[in-house]
Amino acid sequence: MNVPHDTAATAATQLTVKSADDMRELGRRLAALLRPGDLVLLSGELGAGKTTMTRGLGEGLGVRGAVTSPTFVIARVHPSLVDGPALVHVDAYRLSGGLDEMEDLDLDVSLPESVVVVEWGDGKVEDLSEDRLRVVIERAVGADAPADDTDDVRSVTVTGIGERWAGVDLDVLR
């Protein structure tokens, strides 16, 4: 499938997340917006909270199994316990070949009936769908950083790309 990378953003919001528990809760709120066929790309440095957010997504979607980092297995499938979509959780950190290397995971087969979340997916899986949600997690700096220098505060930008996200109010995530 050849999908352009420059599909325009149609919805976006920026949030400040103050703790790991809040990141997990953000994942639960985000799950309420997701449906089968959605592709979510999570970006952020090591320890930013990508897996913590995905854990909340899994809770919100009502899937089976503990959501943990799939770094060493590359991908984990968590079937739904509530007749919803399965959660396919992928960690593309160790993959360098882009979509060609990802094809072995058959994500294009899983995508229509699942919610596919890819950590470290930027530049690797955009061709799976012209409609996707991009979540960038960064450590808060400047005015957003806490006065006591705690390391838990994150700035999270959620951007909907493509027709699927047109008209979706991502501000409900606040």
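Residues numbered from 1 in each chain as written. Predicted model: local features only at pLDDT ≥ 70, side-chain atom pairs only at ≥ 80, totals over all residues. Heavy atoms only, no water.

**Focus on the pairing of strand β5 (residues 114–119)**
Stated precisely, the cut-off is as follows: Residue exposure (1.4 Å probe, protein chains only): buried if accessible area is under 20% of the type maximum, exposed if over 50%, otherwise partly exposed. Put simply, DSSP marks the helices as runs of H or I at least four residues long and the strands as runs of E at least two long, and each gets a number from the N terminus on. In this description, strands pair whenever DSSP reports at least two bridges between them.
Here β5 lies mainly inside the structure; six of its six residues are buried. Pairing of strand β2 (residues 39–43) with β5, which is carried by four bridges, proceeds in the parallel orientation. From the neighbouring strand, L39 faces β5, where its bridge partner is V116. Taken together, the six bridges between strand β4 (residues 86–91) and β5 define a ladder with parallel strand orientation. Residue pairing across strands places L87 opposite V115, the latter belonging to β5.

**As for helix α2 (residues 50–61)**
Cut-off, in case you're wondering: How far a helix is expected to stretch is found by multiplying one less than its residue total by 1.5 Å. What makes two residues a contact is simply this: any of their non-hydrogen atoms within 4.5 Å.
Here α2 contains 12 residues, and its C-alpha end-to-end distance of 16 Å stays within 8% of the 16 Å for a straight helix at 1.5 Å per residue. Buried residues along α2 sit against α1 (20–31), β2, β4, β5, β6 (132–139) and β7 (154–161). G62 sits one or two residues past α2 and shows a positive phi near 70°.

**Topic: the pattern of salt bridges**
This is how the line gets drawn: A carboxyl oxygen of Asp or Glu within 4 Å of a side-chain nitrogen of Lys or Arg is what we treat as a salt bridge.
Counted by the stated rule, this structure contains seven salt bridges. For R24, the salt bridge goes to E59, with nearest N and O atoms at 2.2 Å. Separated by 35 residues along the polypeptide, R24 in helix α1 and E59 in helix α2 bring together distant segments of the chain. Salt-bridge contacts for R139 lead to E45; the nearest nitrogen and oxygen are separated by 2.4 Å. Taken together, the residues span a long stretch of sequence, with R139 in strand β6 and E45 in the loop between β2 and α2 at a distance of 94 residues. Each of R24, E25, R28 and E59 takes part in one network of salt bridges that share partners.

**A few points about the side chain of S129**
Put simply, the rule is: A 3.5 Å cut-off defines polar contacts: any pair of N or O atoms within that distance qualifies, except that in protein one atom must be a possible hydrogen donor and the other a possible acceptor, and neighbouring residues in sequence count only when both atoms are side-chain atoms.
Looking at where S129 falls in the secondary structure, it is placed in the loop between β5 and β6. A polar contact of 2.7 Å, which involves the side chain of S129, links it to the backbone oxygen of D131.

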